[in-house]
Amino acid sequence: MTRNSRPLAVFDLDGTLADSGHRQRFLERKPRDWNAFFAAAPKDPPLSEGVELCLRSAEECDVVYLTGRPERCRKDTLAWLAAQGLPEGPVHMRRNDDRRPARTTKVQILRWLGRDREIRMLVDDDELVCDAAEKAGFPVVRAVWAAGTTEAMKEAQEREGRT
């Protein structure tokens, strides 16, 4: 197997690079308002710690974005990344109908990416994703710089497979 010489730095978006706190309120309703939650994503302020780490990582690594956002959010997501001055890189998003837990989908993609590339780090705020990635042998940086994730958001990530 020929390995590319530049390792990968893999970054989550919500809670890692983007402050999604202002839109978590849409998940606290019953039923959850997923359309409003994702429609508000372009207004996410950047999280400076995550952005700075991403920019520093790009000096030695190719940057890849790995998000639980559904594919239908791609245009807004790419525009947000560009507006923040973040490095270009592939953006792996959840299929619109994929409801598996983030810890399952993200580790699966990490394994795929790691077939012929060194994964230097995964940067994510989801504790369950971080735990699963570490268990699978990937180096993890836990994004602890965002304001607290609500229980509704945690449930959405784990049980509903929506972010």
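Since we're looking at a predicted model, the values are computed, not measured.

**What about the nonpolar core?**
In step 1: By size, the foremost hydrophobic cluster in this structure holds 26 residues, and its most contacted members are F11, L17, C54, Y65, L81 and L86.
In step 2: Looking at this core, the elements with two or more residues in it are β1 (8–11), α1 (34–39), α2 (48–57), β2 (62–70), α3 (74–83), β3 (91–94) and β4 (119–124).
In step 3: In this view, L86 contacts L17, V51, C54, L55, Y65, W80 and L81; residues no more than four positions away in its chain are not counted.
In step 4: Residues L66, V107, L110 and L122 belong to the second largest nonpolar core, which totals 15 residues.

**Comments concerning the packing of helix α4 (residues 102–113) against helix α5 (residues 127–135)**
In step 1: Where α4 contacts α5, the two axes come as close as 9 Å, and the packing angle between them is 40°. On the basis of the axis angle, α4 is oblique to α5. Note that α4 runs across α5; the crossing there is right-handed. Contacts between α4 and α5 involve A102, R103, K106, V107 and L110 from the former and L128, V129, A132 and A133 from the latter.
In step 2: For the contact of α4 with α5, a count of residues per class yields seven nonpolar, no polar and two charged.

Quick notes on the rules
- Residues numbered from 1 in each chain as written.
- Predicted model: local features only at pLDDT ≥ 70, side-chain atom pairs only at ≥ 80, totals over all residues.
- Heavy atoms only, no water.
- Core = buried A, V, L, I, M, F, W, Y, C linked by side-chain atoms within 4.5 Å.
- Buried < 20%, exposed > 50% of the residue type's maximum accessible area, 1.4 Å probe, protein only.
- Helix = DSSP H or I, 4+ residues; strand = E, 2+ residues; numbered from the N terminus.
- Contact = heavy atoms within 4.5 Å.
- Axes fitted to C-alpha atoms, helices over the stretch in contact; angles between N-to-C directions.
- Parallel < 35°, antiparallel > 145°, perpendicular 65-115°, else oblique.
- Left-handed = near helix turned anticlockwise from the far one by under 90°.
- Nonpolar A, V, L, I, M, F, W, Y, C, P; charged D, E, K, R; others polar.

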